[in-house]
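Given next are the chains, with one letter for each unit.
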Amino acid sequence: MQNTFSSLKDILVSKLKVEPELVTPDATREDVELDSLAIVELAMVLEKEFGIAVTDDELLDTENIGSMATLIEQRRAAV
C-alpha cells in the first residue's frame, strides 16, 4: 500500500501540480484541490502509467487519497 500511495503522490505532484505537503492518505480531493477535470486526467494517467482501468467516477467515489491508493492497488493486483 505504501508503494502505491507513493506512486499516486508522485503522479499528483508531478502531473497534476498538487502541493506535496497536501498529499496525505487522509486528504480529501478538496484538500488537494482536485476538481472533476483533474480526476479525469488522473484516470488517464493511471491507465498510461500502470496499465489499469480506473474510471473517473470510481475515483470520485473514493473518500480520500488513501482510498484512491487502495483502489489502484486492488486493480494492479487483478491485472
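Residues numbered from 1 in each chain as written. Predicted model: local features only at pLDDT ≥ 70, side-chain atom pairs only at ≥ 80, totals over all residues. Heavy atoms only, no water.

Peer 1: Tell me what's going on with the nonpolar core, and back it up with residues and numbers.
Peer 2: What tends to happen in soluble globular proteins is that the nonpolar side chains get buried as a cluster. Counting 24 residues, the largest nonpolar core has Leu8, Leu12, Leu34, Leu42, Leu59, Ile65 and Met68 as its most contacted members. When contributions to this core are tallied by element, the ones reaching two or more residues are helix H1 (2-14), helix H2 (36-50) and helix H4 (65-78). No other element matches H2, which puts six residues into this core. Setting aside chain neighbours within four positions, we find Leu8 in contact with Leu42, Ile65, Met68, Ala69 and Ile72. (Core = buried A, V, L, I, M, F, W, Y, C linked by side-chain atoms within 4.5 Å. Buried < 20%, exposed > 50% of the residue type's maximum accessible area, 1.4 Å probe, protein only. Helix = DSSP H or I, 4+ residues; strand = E, 2+ residues; numbered from the N terminus. Contact = heavy atoms within 4.5 Å.)

Peer 1: Go over the packing of aromatic side chains, please, and point to the residues and values.
Peer 2: Going through the model one piece at a time under the given rule, you end up with zero aromatic pairs. Sitting over the ring of Phe50, Arg76 keeps its end group 4.2 Å from the ring centre. (Phe/Tyr/Trp six-rings, centres within 6.5 Å; stacked < 30°, edge-to-face > 60°. Lys NZ or Arg CZ within 6 Å of the ring centre and 35° of its normal.)

Peer 1: Break down unusual backbone geometry for me, with residues and values.
Peer 2: With the exception of glycine, the majority of residues adopt a negative phi angle, and the majority of peptide bonds are in the trans configuration. Unusually for a residue other than glycine, Lys17 sits at a positive phi of about 60°. Here Lys17 shows up in the loop between H1 and H2. On the basis of relative accessible area, Lys17 is assigned to the exposed category, the value being 64%. Residues other than glycine seldom take positive phi values, yet Glu33 does so here, at roughly 60°. Relative to the elements of secondary structure, Glu33 occurs in the loop between H1 and H2.

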